[in-house]
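The primary structure of each chain is shown beneath.
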Amino acid sequence: NQWRERCEAQLAARLTDRDAATARLHEGMRYSALGGGKRLRPILVYSTGTAFGAPATRLDDAAVAVEMLHVYSLVHDDLPAMDDDDLRRGRPTCHKAFDEGTAVLVGDALQALAFEVLAGDEGSPVPAAARLQQIQVLSRAIGTDGMAGGQAIDLAAVGMTLAPAALEDMHRRKTGALIGRASCRERV
């Protein structure tokens, strides 16, 4: 619970309204990111990092970034063009609570904010070389070799039965990359 609560606080601190002109977008981002969830990926970041001796303050940005990327994937996955889900965690999905266009932008903005958080600033407790490595790991985990690639395989297989190896490859990319490759790393 301590890691989940820490992640919630870190997410809330980073999901503040920055501009009145984009208030609806920020509302959608908060609705989607702060609407509950297990926070498995950030918990893995904190657990793995502290097991290797990293203080929580050095893990906050990575934990928040990986959760923002997970939430972005859920927002896009719920869209009519993908899985067309009406509910997520017992509440209307982002595109139902807002609209489809806003949901697309919420996912896009969460993805961009995740990388902005990782890039940090001069006051970051994480050295620049480590932040760059984190950006590389996360970008690979959500790209064609990761989450997006797994989703593409899933979309191409609609109505088909995948062979066990293809099904394993899809899940390794779609879910496993963000969990295994990005959330459980020994270097921070």
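Here, the structure is the one placed above.
**Details of the overall build of the protein**
Part 1 of the reasoning: A tally of helices and strands in the protein yields nine helices and two strands.
Part 2 of the reasoning: Beginning at the N terminus, the succession of helices and strands in the protein can be written as α-α-α-α-β-β-α-α-α-α-α.
Part 3 of the reasoning: For the C-alpha atoms alone, the extent of the protein along its principal axes is close to 50 × 45 × 30 Å.
Part 4 of the reasoning: Looking at the 188 residues of the protein, the share that counts as buried comes to 43%.
Part 5 of the reasoning: Pairs at least 24 residues apart make up 68% of the contacts formed inside the protein by residues separated by at least 6 positions.
Part 6 of the reasoning: Here the protein displays about 9,400 Å² of accessible surface, and carbon together with sulfur accounts for 55% of that area.
Part 7 of the reasoning: Between the averaged position of the 22 positive side-chain charges in the protein and that of its 25 negative side-chain charges there is a distance of 6 Å.

**Re helix α7 (residues 128–142)**
An α-helix turns once every 3.6 residues. As a result, residues three or four positions apart point the same way.
Part 1 of the reasoning: Given a rise of 1.5 Å per residue, 15 residues ought to cover 21 Å, and the 21 Å separating the end C-alpha atoms of α7 matches this to within 8%.
Part 2 of the reasoning: Ala130, Arg131, Gln134, Val137, Leu138, Ala141 and Ile142 are the residues of α7 that are buried. End-on, the buried residues of α7 take up no more than an arc of 125°, which puts them together on one face. Looking at α7, the residues exposed on the side facing more than 90 degrees away from the buried face are Ala128, Ala129 and Arg140.

**Remarks on the side chain of serine 124**
Part 1 of the reasoning: Tracing the backbone through its elements, the reader meets serine 124 in the loop between α6 (100–119) and α7.
Part 2 of the reasoning: On the accessibility criterion, serine 124 (16% relative accessible area) is buried.
Part 3 of the reasoning: Those residues in contact with serine 124 that sit more than four places away from it in its chain are Asp61 and Arg131.

**Considering the packing of aromatic side chains**
Part 1 of the reasoning: All chains considered together, the criterion is met by two aromatic pairs.
Part 2 of the reasoning: Each ring, one from tryptophan 3 and one from tyrosine 46, has its centre 4.8 Å from the other, and the planes form 10°; the classification is stacked. Taken together, the residues span a long stretch of sequence, with tryptophan 3 in helix α1 (residues 2–14) and tyrosine 46 in helix α3 (residues 40–51) at a distance of 43 residues.
Part 3 of the reasoning: Relative to phenylalanine 98, the ring of tyrosine 31 has its centre 5.5 Å away and its plane inclined at 80°; by these criteria the two rings are edge-to-face. Highlighted residues: tyrosine 31 in helix α2 (residues 23–33) and phenylalanine 98 in the loop between α5 (94–97) and α6, separated in sequence by 67 residues.
Part 4 of the reasoning: Classification of phenylalanine 98 as buried rests on a relative accessible area of 12%.
Part 5 of the reasoning: Directly above the ring of tyrosine 31 sits arginine 91, whose terminal nitrogen or CZ lies 3.8 Å from the centroid.

**Regarding unusual backbone geometry**
Part 1 of the reasoning: In this structure, aspartate 84 is a non-glycine residue whose phi angle is positive, near 55°.
Part 2 of the reasoning: Positioned with a positive phi, arginine 89 is a non-glycine residue whose angle comes to about 55°.
Part 3 of the reasoning: Secondary-structure assignment places arginine 89 in the loop between β1 (87–88) and β2 (91–92).
Part 4 of the reasoning: Arginine 89 gets classed as partly exposed once you look at its relative accessible area, which sits at 35%.

**Points about empty space enclosed by the protein**
Part 1 of the reasoning: Considering all chains together, one arrives at two cavities of 30 Å³ or more under this definition.
Part 2 of the reasoning: In this model, the second largest cavity occupies a volume close to 140 Å³.
Part 3 of the reasoning: For the lining of the second largest cavity, the secondary-structure elements that each account for two or more residues are α2, α4 (56–77) and β2.
Part 4 of the reasoning: With three residues, the top contributor of residues to the lining of the second largest cavity is α4.

**Points about the packing of α3 against helix α9 (residues 164–183)**
Part 1 of the reasoning: Close contact between α3 and α9 brings their axes to 9 Å; oriented N to C, the two are set at 20°. With respect to their mutual orientation, α3 and α9 come out roughly parallel. Considering only the axes of α3 and α9, their crossing is right-handed. Where α3 abuts α9, its residues Leu40, Arg41, Leu44, Val45 and Thr48 lie against Thr175, Leu178, Ile179 and Ser183.

**Observations regarding the side chain of histidine 76**
Part 1 of the reasoning: Mapped onto the fold, histidine 76 is located in helix α4.
Part 2 of the reasoning: On the basis of relative accessibility, which here comes to 18%, the residue histidine 76 falls in the buried class.
Part 3 of the reasoning: Once residues within four sequence positions are removed from consideration, histidine 76 is found in contact with Met82, Ala103, Val104, Gly107 and Asp108.

Cut-off values and rules
Residues numbered from 1 in each chain as written. Predicted model: local features only at pLDDT ≥ 70, side-chain atom pairs only at ≥ 80, totals over all residues. Heavy atoms only, no water. Helix = DSSP H or I, 4+ residues; strand = E, 2+ residues; numbered from the N terminus. Buried < 20%, exposed > 50% of the residue type's maximum accessible area, 1.4 Å probe, protein only. Contact = heavy atoms within 4.5 Å. Areas by Shrake-Rupley, 256 points an atom, 1.4 Å probe, with all protein chains shown as cover. Lys, Arg positive; Asp, Glu negative; His and termini not counted. Charge placed at Lys NZ, Arg CZ, Asp CG, Glu CD. Expected span 1.5 Å × (residues − 1). Arc of directions from axis to C-beta. Phe/Tyr/Trp six-rings, centres within 6.5 Å; stacked < 30°, edge-to-face > 60°. Lys NZ or Arg CZ within 6 Å of the ring centre and 35° of its normal. 1 Å grid on protein atoms, 1.4 Å probe; cavity = no way out; pocket = protein on both sides within 12 Å on 5 of 7 lines; lining within 4 Å. Points joined across faces, edges and corners; volume = space filled by probe spheres on them. Axes fitted to C-alpha atoms, helices over the stretch in contact; angles between N-to-C directions. Parallel < 35°, antiparallel > 145°, perpendicular 65-115°, else oblique. Left-handed = near helix turned anticlockwise from the far one by under 90°.

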